[in-house]
Amino acid sequence: MKLSYYGHSCFEVELKGKRLLFDPFISGNQKASQVAMNHIKPDYILISHGHGDHMADAITLANASKAQIISTYEIVSWFESKGLSGIPMNTGGKKEFEFGWVKLVNAVHSSVLPDGTYGANPVGFCIYNKDHSFYYAGDTALTMDMQLIPRLCPPLDFAILPIGDHFTMGYEDAIIAADFIQCKHIVGCHFNTFPPIEIDAPKVRSAFEAAGKHIIIPEINNHYTF
Ligand code: NI
Ligand code: MN
């Protein structure tokens, strides 16, 4: 599995030859100005919730690549009203795609679309096939529901968790989340984009290390292999 980081909570995962893009927010992200959006050609765009910092570039990228949107019923319906197509799902549901299963899991946060349309409950995603498995938490607080993930999905190769605090859980809670989901390999997201979510990277790394876990604090435009 190849993981690419495009800033904030935007990642692309290549799985069985398909490209899955999560929460695209690039053109409006000053920290991601070096990312060449026209090189991003996803097959699917997965949207965790309706906030602009998670979907601002979804329409542009979906139009350019003909990607299908995978999200909740309400969010996919909104994109359909803009002429795009997708697969509407909802929390707790799973569906098999050519790259593997997608299961929508609970996230504790809020959600509204840019024009004020109801954005439904936010979600996280568990993605797995017989060889690989990962969890993309989306924007969420630490929640006891995370303890269900090891019972619902195969053992995780890695998990993408928010670590920036203020709007989501911070790194201390992410360490507890890593225990709940029984995953030692964590990739941080939702940090450093705006002043309230700035992190002290060495402090975060040593806290994970002290807890016997490993965190990748990803760099924009870098690739990681799992
Ligand atoms: Ni949000
Ligand atoms: Mn956010």
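What comes next is a walk through the structure. Being a predicted model, the structure only gives us computed values, none of them experimental. (Residues numbered from 1 in each chain as written. Chains lettered and ligands numbered in written order. Predicted model: local features only at pLDDT ≥ 70, side-chain atom pairs only at ≥ 80, totals over all residues. Heavy atoms only, no water.)

1. With respect to the overall build of the protein
Selection rule: Secondary structure elements are taken from DSSP: a helix is a run of H or I of four residues or more, a strand is a run of E of two residues or more, and numbering for both begins at the N terminus. In this description the radius of gyration comes from C-alpha coordinates, and the expected globular size is given by 2.2 Å times residues to the power 0.38. Burial classes follow relative accessibility: with a 1.4 Å probe on protein chains only, a residue under 20% of its type's maximum area counts as buried, one over 50% as exposed, and anything between as partly exposed. Accessible surface is estimated by sampling points in the Shrake-Rupley manner with a 1.4 Å probe; for residues, cover comes only from the protein chains shown. In this charge count, Lys and Arg are treated as positive and Asp and Glu as negative; neither His nor the chain ends contribute. Every charge is mapped to an atom, namely NZ of Lys, CZ of Arg, CG of Asp or CD of Glu.
Looking only at helices and strands, one finds six helices and 14 strands in the protein. For a compact globule of 226 residues, the expected C-alpha radius of gyration is about 17 Å, and the protein comes in at 16 Å, within 12% of that figure. Its C-alpha atoms put the protein at 50 × 35 × 35 Å along the principal axes. When burial is assessed residue by residue, the protein has 54% of its 226 residues classed as buried. Surface exposure of the protein reaches about 9600 Å², of which carbon and sulfur atoms provide 50%. Separation between the mean location of the 17 positive side-chain charges and that of the 23 negative ones in the protein comes to 7 Å.

2. Some words on the pairing of strand S1 (residues 2-5)
Formally: Strands were regarded as paired on the criterion that DSSP finds at least two bridges between them.
Pairing of S1 with strand S2 (residues 11-15) involves four bridges; the strand directions are antiparallel. Paired with Leu 3 across the bridge in S2 is Val 13. Here S1 folds back onto S2, and the loop between the two strands holds five residues, one of which, Gly 7, carries a positive phi near 95°. Alignment of S1 against strand S14 (residues 223-225), held across three bridges, turns out to be antiparallel. Considered in S14, the bridge of Leu 3 is made with Tyr 224.

3. A look at the coordination of the manganese ion (ligand 2)
Rules: Water is not part of the atom set, so a site may look incomplete; the donors themselves are N, O and S atoms within 2.8 Å of the metal, or 3.2 Å for Na, K and Ca.
Within the protein, Asp 53 (OD), His 54 (NE2), Asp 139 (OD) and His 190 (NE2) serve as the donor atoms for the manganese ion (ligand 2), at 2.1 to 2.2 Å. Donor residues for the manganese ion (ligand 2) sit on one chain with the sequence pattern D-H-x84-D-x50-H. A distance of 3.1 Å spans the gap from the manganese ion (ligand 2) to the nickel ion (ligand 1), which Asp 139 bridges by coordinating each metal. Placement of Asp 53 in helix H1 (residues 52-55) and of Asp 139 in the loop between strand S10 (133-136) and helix H4 (149-152) is noted, with a sequence separation of 86 residues between them. Just as Asp 53 is buried, Asp 139 falls in that class too.

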